Amino acid sequence: MTTLTTSAAKRFDNKTVLVTGGNSGIGLATALQFASQGARVIITGRDQATLDQAKAQLGAHAIALRNDAGDSGSAKALAGALSAQDITLDAVFINAGVAKFAPLEGVDQDLWDQTFNVNVKGAFFAIQALSPLLNTGAAIILNGSINAHIGMPNSSVYAASKAALISLAKTLSGELVARGIRVNVVSPGPVQTPLYGKLGVPADQLDALAAGIQAQIPLKRFGTPDEVASAVVYLSSPEAAFIVGTELIVDGGMSQL
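Sequence positions are assigned chain by chain, starting from 1 and proceeding in written order. Two thresholds apply to this predicted model, a pLDDT of at least 70 for residue-level local features and 80 or more for giving and counting side-chain atom pairs, whereas whole-chain, interface and lining totals are computed over all residues. Remark: hydrogens and water are excluded; side-chain values derive from all non-hydrogen atoms of the structure.

Named according to an unreviewed UniProt entry, the chain is SDR family oxidoreductase originating from Polaromonas jejuensis.

Written out as structure tokens, the structure reads:
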């Protein structure tokens, strides 16, 4: 990770940030960067063991809460738990998501419902529930994907869910901007995270899939969670105060060149 200047290291002092799905991958990398720059960090996730491990990395002041990102009732419970502790938020990274790939004929309602329940419904109702806790000038960052732009075969449901998030960033910006709250999207390209082991692809095909994807990236490598995390932290920072309702693509040029 890049060494921070003194000013950067302190830019989230006295700030509280929430990262959903903060127990692994991009979410954990982002939580660690926020913490390194002075923030009090709250993470959520469904797996208690990885939540405990992540909290140990984040330090004694971090809060780790078990929460189901695909359930609107859990969003209300999360907001209630924070409110009960008089916690207000300066940044929220809506990161929790699922990625299941299948060809058109292989998509069933369970895959559709799981994808949209977590990636879209969960994101929307989390923002709705947390909205009263957002401080003036707070930032909301949604984790999108370049799949919303590139028409990759077998990604129809996943890509549609991420396109919905990009739309939400614009409409919710219009609703929340009067409170000084900014909503933006970070859309990663292929990033080497544990999510790649959860794509629904047989293990013997995963290496071939990864090699095929890597060949399409102009930089000829996967991104790292830290590289995406840096974009999230930037959009959450005072330096990005004039950026509203937009999408920052972090993909090694895959969707651009």
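Now that the structure has been shown, the text picks up again.
Undergrad: Could you give me a rundown of the environment of Ser237, with the residues and numbers involved?
TA: Along the chain, Ser237 turns up in the loop between helix 9 (225-236) and strand 7 (247-250). Partly exposed describes any residue whose relative accessible area lies between the buried limit of under 20% and the exposed limit of over 50%, with all areas from a 1.4 Å probe on protein chains only and scaled to the type maximum. By relative accessible area, which is 1% here, Ser237 ends up buried. For Ser237, the contacting residues outside a window of four places in its chain are Arg11, Phe12 and Arg182. Residues adjacent in sequence count toward polar contacts only when both atoms are side-chain atoms; beyond that, a polar contact is any pair of N or O atoms within 3.5 Å, and within protein one must be able to donate a hydrogen and the other to accept it. At a separation of 2.6 Å, a polar atom in the side chain of Ser237 contacts the main-chain carbonyl oxygen of Tyr234. For helices the rule is a DSSP run of H or I covering at least 4 residues; for strands it is a run of E covering at least 2, with both sets numbered from the N terminus onward. Should any heavy atoms of two residues lie within 4.5 Å, those residues are counted as being in contact.

Undergrad: Quick rundown of the packing of helix 2 (residues 25-36) against helix 3 (residues 48-58)? Include the residues and the values.
TA: Note on definitions: angles span 0 to 180 degrees between N-to-C directions of axes, and those axes are lines fitted to C-alpha atoms, for helices only across the stretch in contact. The geometry of helix 2 relative to helix 3 is characterised by a closest axis approach of 10 Å and an angle of 25° between their N-to-C directions. By the angle between their directions, the pair helix 2 and helix 3 is classed as roughly parallel. Helix 2 and helix 3 meet at a crossing whose hand is right-handed. Counting all contacts with helix 2, which are made through Leu28, Ala31, Leu32 and Ala35, the residues of helix 3 involved are Ala54, Gln57 and Leu58. All residues other than Ala, Val, Leu, Ile, Met, Phe, Trp, Tyr, Cys, Pro, Asp, Glu, Lys and Arg, Gly among them, are scored as polar; the first ten of these are nonpolar and the last four charged. Its residues placed into classes, the contact of helix 2 with helix 3 shows 6 nonpolar, 1 polar and no charged. An angle below 35 degrees is read as roughly parallel, one above 145 as roughly antiparallel, one from 65 to 115 as roughly perpendicular, and any other as oblique. Should the near helix be turned anticlockwise from the far one by less than a right angle, the crossing is left-handed, and should it be turned clockwise, the crossing is right-handed.

Undergrad: Account for the UniProt feature "domain: Ketoreductase" (unreviewed entry) in the chain, with residues named and values stated.
TA: According to UniProt, the "domain: Ketoreductase" (unreviewed entry) feature falls on residues 15-189. A distance of 29 Å separates the end C-alpha atoms of residues 15-189, which is 47% helix and 21% strand. UniProt positions are given in the numbering used here, feature names are shortened, and annotations may be inferred rather than shown by experiment.

Undergrad: Summarise the environment of Leu130; cite the residues concerned and give the values.
TA: Turning to its location among the elements, Leu130 is positioned in helix 5 (residues 109-130). The spatial distance from the C-alpha of Leu130 to the C-alpha of Leu28 is 20 Å, given a sequence separation of 102 residues. Ignoring sequence-local partners within four residues, the contact set of Leu130 consists of Leu18, Leu78, Ala79, Leu82, Leu89 and Val92.

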